[in-house]
Amino acid sequence: MSKVEDIQDAIRRNGYRRSGKPRVTINDVADHLGMSKSTVSRALNGYNDIAELTRLRVAKAAAQLGYKPLAQAQAIRTGLIQSLGMVLNVGGHGSHRPFLANFIDGISRRASEENWTLTVATAENSEAVLETIERLSGERKVDGFILPRTREHDPRVDYLRSHDIPFIMFGRTGDDKDCGWFDIRGELAMEQAVERLYGLGHRRIGFINGLDYYMYARLRLQGYLAGLEKVGLPVDRALMRSNAVTKEDGLREGIALLSQPIRPTAIICAVDLAALGLYQAAKAANLDIGRDLSVMAYDGISEGEFASPPLTSFSVDNREAGRRLADLLIKRIRGAAPETLRQLGEAKLIERASDGPPVSP
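Model, not experiment: these values are computed from the prediction. (Residues numbered from 1 in each chain as written. Predicted model: local features only at pLDDT ≥ 70, side-chain atom pairs only at ≥ 80, totals over all residues. Heavy atoms only, no water.)

Student: Give me the lowdown on the side chain of Asp292, citing residues and values where you can.
Tutor: Of note, Asp292 is situated in the loop between helix H12 (272-284) and strand S11 (294-299). Accessibility expressed as a relative area gives 9% for Asp292, which makes it buried. For Asp292, the side chain forms a polar contact with the side chain of Arg291, separated by 3.2 Å. (Helix = DSSP H or I, 4+ residues; strand = E, 2+ residues; numbered from the N terminus. Buried < 20%, exposed > 50% of the residue type's maximum accessible area, 1.4 Å probe, protein only. Polar contact = N/O pair within 3.5 Å; in protein donor to acceptor, adjacent residues only side chain to side chain.)

Student: Report on unusual backbone geometry, specifying residues and quantitative values.
Tutor: Here Ser308 and Pro309 are connected by a cis peptide whose omega angle stands at 0 degrees. Mapped onto the secondary structure, Pro309 falls in the loop between helix H13 (302-305) and strand S12 (312-315). Look at Gln82: it is not a glycine, yet its phi comes out positive at around 55 degrees. Under the relative-accessibility criterion, Gln82 is labelled buried at 7%. Positive phi, close to 55 degrees, is recorded for Asp164, a residue that is not glycine. Among the secondary structure elements, Asp164 is positioned in the loop between helix H8 (155-162) and strand S6 (167-170).

Student: Would you mind going over the pattern of salt bridges in detail, with residue names and values included?
Tutor: Here the structure, examined in full by the defined rule, presents 33 salt bridges. Ionic pairing is found between Glu52 and Arg55, a salt bridge with its closest N-O pair at 3.0 Å. Of this pair, Glu52 and Arg55 both sit in helix H4 (residues 52-65), 3 residues apart, which is roughly one turn of that helix. Among the residues examined, Glu52 registers a relative accessible area of 46% and is labelled partly exposed. (Salt bridge = Lys/Arg side-chain N within 4 Å of Asp/Glu carboxyl O.)

Student: Go over the sheet that holds strand S3 (residues 83-89) with me, naming the residues and quoting the values.
Tutor: The 6 strands are arranged S4-S3-S5-S6-S7-S13 in an open sheet whose pairing can be described as parallel. Only two strands of the sheet have a single partner each, and these edge strands are strand S4 (117-123) and strand S13 (342-345). Put simply, the sheet's adjacent strands are angled 15 degrees from each other on average, direction ignored. Bridge analysis of S3 against strand S5 (residues 144-148) gives 2 bridges, and the strand direction is parallel. Residue Gly85 lies in a different strand from S5, and its bridge partner there is Phe145. (Pairing = 2+ DSSP bridges. Axes fitted to C-alpha atoms, helices over the stretch in contact; angles between N-to-C directions.)

Student: An account of the sheet that holds strand S8 (residues 205-208) is requested, with residue identities and associated values reported.
Tutor: Spatial ordering of the open sheet is given by S9-S8-S10-S11-S12-S14, a layout of 6 strands whose pairing is mixed. Two strands close off the open sheet at either side, each with one partner strand: strand S9 (240-241) and strand S14 (348-350). Of the strand pairs in this sheet, strand S10 (residues 266-269) and S11 are connected by 3 bridges, and their pairing is parallel. Counterpart to Ile268 in the pairing with S11 is Met296. Along the sheet face, helix H9 (residues 186-200) touches S8, S10, S11, S12 and S14 and points at about 165 degrees away from the line of S11. (Contact = heavy atoms within 4.5 Å.)

Below is the structure:
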């Protein structure tokens, strides 16, 4: 018999059973590896003073032996319940979030790899979100939080920071002291959109932004302005609209831009759904998207792919974003400094048929 089989046989002979099955203990893992129980415990719980090779060796042995920690005992020993928390605002436009399924899947998969769980709660408005965060943290239901859709001035960040509760943001914020994050460089995407449209021959390039109080909107506006500067176009405030995150919003702001005496020949939308509303405004003005009016957007939702014509957009891998956020939050909970937990990714341009050279003023 192998050493693993020897240990499993000893476990059976000594009668360690739960629900009729033998239970492997942390002592068995330590004996198998010739390590101290303390070293094995710290390796399994991801402490920073354990070398990565040792952690991997312990994890492999634990899996081979079938070791599963008892949640209650582990919580007492480490002070952690090994649960990540996220509270979603489902009120208003927050209920229209095509990214959520893949995003949550990414978080859950990464958490499961570390034997952690994900607790998701919902609230109807921003005040209720904060109340839910306070309740979950006060009742010790979670060890830390992932904060999606950050604001420039974010009460969630203020609360968690002041109470020394671990968190990681999906996005950035105005005051980044003691903050870790994973974010997509939406500002770079907007800058690249201006460059692309300028290269196609457009000189009047409009912009429809998202909700002003979200940090992503501030960053995407910066990217649009940086793009204009890069290609040498003047800033024309008449070509800039904001607060559009739904089709209805896009229709409203699109009508405003297309009703100008000299309309834009191309429009960049910070949100795909607003771009689809802009499609309706163009149709009402008897303009063909992709010929009379070029449109680019950001999100990469499936509805844009099946629009007529298909929407050129910057796509985000939300499943990978979820994985990265879960990984960063677990590291933060285990004691890593937030300043070391800041990562940026990039959106991928999906070229379709909604943009092209201008054919009419």
